[in-house]
Amino acid sequence: HDVTRAYIDGNVTSSGIGTDVKVDARSDQDLINVAVSGAGAGNTGVAGVLGLVVSGNTTEAFIGEGATVLSERDVDVSADNETLALNITGGVAAGKTAGVGGSSAINVILSETKAHIDQEAQVDARRATSILARANENVATGVLSGAGGGKAGVAASISVNTIITDTQAYIGEGAQINTDSNYGGGDQDVTIRATDDTLLVGASGGGAGGGTAGVGAAIDTGVVVKTVKAYIADDTVDDGNFATVNASDDIEIEALSTEDIVSGTLGAAGGGNTSVGGAVSVSVVTNDTQAYIGEAARVSAQGNVDVHAQDDTLAVVVAGGAAGGGTAGVGGSLAVTTVINDTKAYINDNAEVTANALDVDDHGVKVAADASEIITAIVAAGAGGGTAGVAATIGTTVVANTTEAYIGAGAKINQDTSGAGDEQMVEVAANDTTTAIGIGVSGAGGGSAGVGIASMTQVISKTTKAYTKDADGANPTIINAHKGLKISAANTDNLINLVVGAAGGGSAGVGGTLG
């Protein structure tokens, strides 16, 4: 486990006169593994290979508890974590009687990336204060296995990718940011941003042939679990020591997560009598993306205060199984994609937030949560046999998201509007758009009978809400704005299915679809 840290320790006073103050931690991991095996024998040949890549790292940049940092220019606290993992394996076997080939590639990426100003720290910058946590994972596996035997051939390929990350940018409880008026200036901004971008590519293929029987199978599994948060911390102790963040221009709190997933599997087999080819692809994404102003925090900007959380998921999944046998052929493919994301942007209970929107292009306070999912699943299977052929494809897509934007109970937004601009608004918005495309094709033929079945199922269950929380009469929620209050929630689902099942047989042919 690698640990990379850059920090200004607690109870330290640091001044930048005419210069910036920078606290920068950076990690780069390049992990490449290539493994190949082969075997040949007069009777039986067996070849197997396992490629394993495991990476764990922590990258952290911070200004410590109780520290004092003063800058006539910028204060920049940033943590950057870049991971590249490439795992390629291949196994080929041949035997006069039998050949068995197997290969697998496993990637496990565990990372933690944090940038923060700790509790009770005092930070003043005349220009920009930036707390930035950035993570990027590029992970790929390629797995191929092949086998051939005079009587039997068996080949199996397995690809497994697991990515678990925690990316956070925050200002701690009781921290004081830009509370010294001597450091005010027209360019004074505060940015708190956490971003995590993931690219995951998995390819798995297995092919086998045997004089009597052939079995080819391929499996690809991808699991992505991410936490991405940008925030000003809650006041957890009722001692009046809450976080205070000021800016003479804008304050931006943003959590951004993207996932691009590509999975391809192919299992093929041929046998003089019987052959079986199968492919399985499973992708799971479950993320927690949050941007928020914490309970009882005090935030004030002469321009805008933006709180924004966004998660975008793109998945392309292709699975194919093919088999041909002199007597019987069986081909099957299965693709399952599951997306369960929680995306929230909010101003928590009892927080006090002011955005005066003094410039003509300002808008005031905006709290927005956005999510999108684009999922394409293509599954195909084909089989042929001198007597019988059976082919089945199953595709399933599940999206179960929660997307919320809200202002908490007892919050005070723009209590005093006497110094506000005409464009001052308060907007709370939640949006989630899902596009799911499913294509399932199966075909089978046999001298006597052929059976082809294709199924494509899409399950969409989402909650999208924008609201203000209830408050009691003694501590009401107050929202003021010169131009108005806008609360909106929008959900869009675009679902497209194309399913084809075909079969032919000398005596009987059965084709079925479900979509």
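What you see is a predicted model, and the numbers here were worked out from it, not measured in a lab. (Residues numbered from 1 in each chain as written. Predicted model: local features only at pLDDT ≥ 70, side-chain atom pairs only at ≥ 80, totals over all residues. Heavy atoms only, no water.)

### As for the overall build of the chain
The number of helices and strands found in the chain is 0 helices and 30 strands. Its C-alpha atoms put the chain at 85 × 45 × 35 Å along the principal axes. Taking contacts inside the chain between residues at least 6 apart in sequence as the whole, the part at least 24 apart equals 86%. On the chain, roughly 18,700 Å² of surface is accessible, and the fraction owed to carbon and sulfur atoms is 54%. Taken as two groups, the 22 positive and 58 negative side-chain charges of the chain have centres that lie 6 Å from each other. (Helix = DSSP H or I, 4+ residues; strand = E, 2+ residues; numbered from the N terminus. Contact = heavy atoms within 4.5 Å. Areas by Shrake-Rupley, 256 points an atom, 1.4 Å probe, with all protein chains shown as cover. Lys, Arg positive; Asp, Glu negative; His and termini not counted. Charge placed at Lys NZ, Arg CZ, Asp CG, Glu CD.)

### A short note on the environment of V318
Take V318: it is sitting in strand β18 (residues 305-325). A relative accessible area of 35% means that V318 is categorised as partly exposed. Sequence separation between V318 and T376 is 58 residues, and the spatial gap between their C-alpha atoms is 8.4 Å. Excluding residues that lie within four positions of it along the chain, V318 makes contacts with S263, G264, T265 and I378. (Buried < 20%, exposed > 50% of the residue type's maximum accessible area, 1.4 Å probe, protein only.)

### Some remarks on the confidence of the model for the chain
Of the residues in the chain, 91% have a pLDDT of 70 or more, and the chain-wide mean is 88. Put simply, strand β30 (residues 508-514) is where the chain has its lowest mean pLDDT, 51, and strand β23 (residues 402-407) is where it has its highest, 98. (pLDDT = per-residue confidence, 0-100.)

### Focus on a nonpolar patch on the surface
Side chains of V46, V100, V154, V215, V276, V330 and V390 sit close together on the surface and give an oily, nonpolar patch of about 460 Å² of accessible area. The residue V46 is located in strand β4 (residues 44-63) in this model. (Patch = residues over 30% accessible without salt bridge, like charges linked within 9 Å, V, L, I, M, F, W, Y side chains within 5 Å. Salt bridge = Lys/Arg side-chain N within 4 Å of Asp/Glu carboxyl O.)

### Points about a negative patch on the surface
Where like charges cluster on the molecular surface, the negative patch consists of D28, D30, E82, D197 and D260. Mapped onto the fold, D28 is located in strand β3 (residues 21-41).

### Points about the pattern of salt bridges
For the structure shown, the criterion picks out 18 salt bridges. Where E352 meets R298, a salt bridge forms, and the shortest distance between an N and an O atom there is 3.3 Å. One end of the pair, E352, is in strand β20 (residues 352-355); the other, R298, is in strand β17 (residues 298-301), and 54 residues separate them in sequence. Overall, R298 belongs to the partly exposed group, its relative accessible area being 22%. Among the ionic contacts, a cluster of salt bridges with common partners joins D24, R26, D80 and R134.

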